[in-house]
Amino acid sequence: MLRFLALAGLVCLPLRGGAAAPTIEDALQHLYDFDFPATHRILDQYIAAHPQEPLPYAFRASAYLFYELDRLGILESEFLIDDERIVEKKKAAPDPSVRALFLKAQADTESRAQAALRADPNDRQALFAMCISGGVATDYMALVEKRQIASLSPARRSNSYAQRLLKLDPTFYDAYLTAGFSEYMVGSLPFFIRWFVHFDNVSGNKDSGKRNLELVARQGRYLRAFSTILLGIIDLREKKPKAAQQRLSELAREYPRNPLFQKELAKLNRKLGVEAN
């Protein structure tokens, strides 16, 4: 299931002559409008100025993942709420060139994050970058490559980094997305699989998982919008279309150029209109 990304507002640093330095938040604004070329352009500029920071590489991997999920129609609500479609073994024919770029961004993230953690095991940005890296690896393996069981390994790793980060800094709200989604995901697994799966500090309480996602949707810096997306998917899976409609309306207002949000909201509005009659 999905995990990765979001935005809490634009923060621009002034340069000489009134120009503005690109920020990760700027890139994420474009990402959630599904403007992938602009996303990569801004991330490339940021990375040129900050080549050793791991976090922009993690979001670069996220942008490649989102591109593939959109291209393959995996972000459509019918796909995400249909377990049979998620687990069907027919592969989705990933683009090999995008896959190579995705894996390169993953490797760039982890090499820089691990170097930062060797210098300082409590480096919060490096720990968060590893959360993102594990999350996008989970999504790619589970949704594109159809390797759901294998995807539990990076999911566990992502959760472990999130738990380390939250122990250091309980106000690093974006990390609650990984912790919360892990809680909800484990709670959704069949019992015979859950018996063999262990996630650090995770009991499988779905309500607790949703509360963590709600916290990110309110206070997250990077993953606020993505948490809203996940909560909307959960609402649809739990047969709460009006709650999903409210979340989609929020996303459509904030990212008006995203065609998927507009399409899914229109679809849900029609469904609710039929039900109202």
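Structure: above.
Now for a look at the structure at hand. (Residues numbered from 1 in each chain as written. Predicted model: local features only at pLDDT ≥ 70, side-chain atom pairs only at ≥ 80, totals over all residues. Heavy atoms only, no water.)

What follows deals with the packing of helix α3 (residues 55–71) against helix α7 (residues 124–144). It is at 9 Å that the axes of α3 and α7 come closest, and there the two elements cross at 20°. If you check the angle between α3 and α7, you find them roughly parallel. Here α3 and α7 pass one another in a crossing that is left-handed. Across from L55, A58, F59, A61, S62, L65 and L69 in α3, the residues of α7 making contact are Q125, F128, A129, I132, V136, D139, Y140, L143 and V144. (Axes fitted to C-alpha atoms, helices over the stretch in contact; angles between N-to-C directions. Helix = DSSP H or I, 4+ residues; strand = E, 2+ residues; numbered from the N terminus. Parallel < 35°, antiparallel > 145°, perpendicular 65-115°, else oblique. Left-handed = near helix turned anticlockwise from the far one by under 90°. Contact = heavy atoms within 4.5 Å.)

At F34, a position not held by glycine, the phi torsion is positive, near 60°. Relative to the assigned elements, F34 resides in the loop between α1 (24–31) and α2 (36–49). Take F34: its relative accessible area is 12%, and that puts it in the buried class. Although it is not a glycine, K239 adopts a positive phi angle of roughly 60°. Examined against the element boundaries, K239 turns out to sit in the loop between α12 (224–237) and α13 (241–254). The class of K239 is exposed, set by a relative accessible area of 71%. (Buried < 20%, exposed > 50% of the residue type's maximum accessible area, 1.4 Å probe, protein only.)

A word on the pattern of salt bridges. Going through the model one piece at a time under the given rule, you end up with 19 salt bridges. Among the ionic pairs, D44 bridges to R60, the shortest N-O distance being 2.6 Å. Placement of the pair is D44 in helix α2 and R60 in helix α3, with a sequence separation of 16 residues. When its relative accessible area of 16% is taken as the criterion, R60 is described as buried. Here the salt bridges do not stand alone but share partners, grouping E76, K263, E264 and K267 into one network. (Salt bridge = Lys/Arg side-chain N within 4 Å of Asp/Glu carboxyl O.)

What follows concerns the packing of aromatic side chains. Two numbers describe a pair of aromatic rings. These are the distance of the centres and the angle of the planes. With the rule as written, the count across this model stands at 13 aromatic pairs. On the numbers, 5.7 Å between centres and 40° between planes, the contact of F59 with Y222 is tilted. Here F59, found in helix α3, pairs with Y222, found in the loop between α11 (206–219) and α12; they are 163 residues apart in sequence, far enough to count as distant. You can call F59 buried: its relative accessible area is 1%. For the pair F128 and F172, a centre-to-centre distance of 5.2 Å together with 50° between the ring planes defines the contact as tilted. Of this pair, F128 sits in helix α7 while F172 sits in the loop between α8 (152–168) and α9 (175–188); the two residues are 44 residues apart in sequence, bridging distant segments of the chain. F172 shares its class with F128; the two are buried. A network of ring pairs unites the aromatic residues Y32, F34, F36, F66, Y67, F226, Y255 and F261 as a single cluster. A cation over an aromatic ring shows up here: R112 above the ring of Y57, its NZ or CZ 4.3 Å from the ring centre. (Phe/Tyr/Trp six-rings, centres within 6.5 Å; stacked < 30°, edge-to-face > 60°. Lys NZ or Arg CZ within 6 Å of the ring centre and 35° of its normal.)

Further remarks concern the environment of P56. Checked against the element boundaries, P56 lands in helix α3. With 13 residues separating them along the chain, P56 and L43 place their C-alpha atoms 6.4 Å apart.

Tracing the backbone shows R257 in the loop between α13 and α14 (259–276). For R257 and D33, which are 224 residues apart along the polypeptide, the C-alpha to C-alpha distance reads 5.3 Å. If sequence neighbours within four positions are ignored, R257 has contacts with H30 and D33. Only 3.4 Å separates the side chain of R257 from the side chain of D33, close enough to count as a polar contact. (Polar contact = N/O pair within 3.5 Å; in protein donor to acceptor, adjacent residues only side chain to side chain.)

Bringing α2 into the picture now. Given a rise of 1.5 Å per residue, 14 residues ought to cover 20 Å, and the 20 Å separating the end C-alpha atoms of α2 matches this to within 8%. Those residues of α2 that fall on the buried side of the exposure criterion are F36, A38, T39, H40, I42, L43, Y46 and I47. Those residues of α2 that are buried are in contact with α1 and α3. Here α2 starts with a cap whose side-chain oxygen sits 3.2 Å from the backbone nitrogen of A38, and that cap is D35. (Expected span 1.5 Å × (residues − 1).)

For K210, the location among the structural elements is in helix α11. Beyond its immediate chain neighbours, meaning those up to four positions away, K210 contacts Y184, L231, I234, E238 and K240.

Geometric values such as these leave the question of function open.
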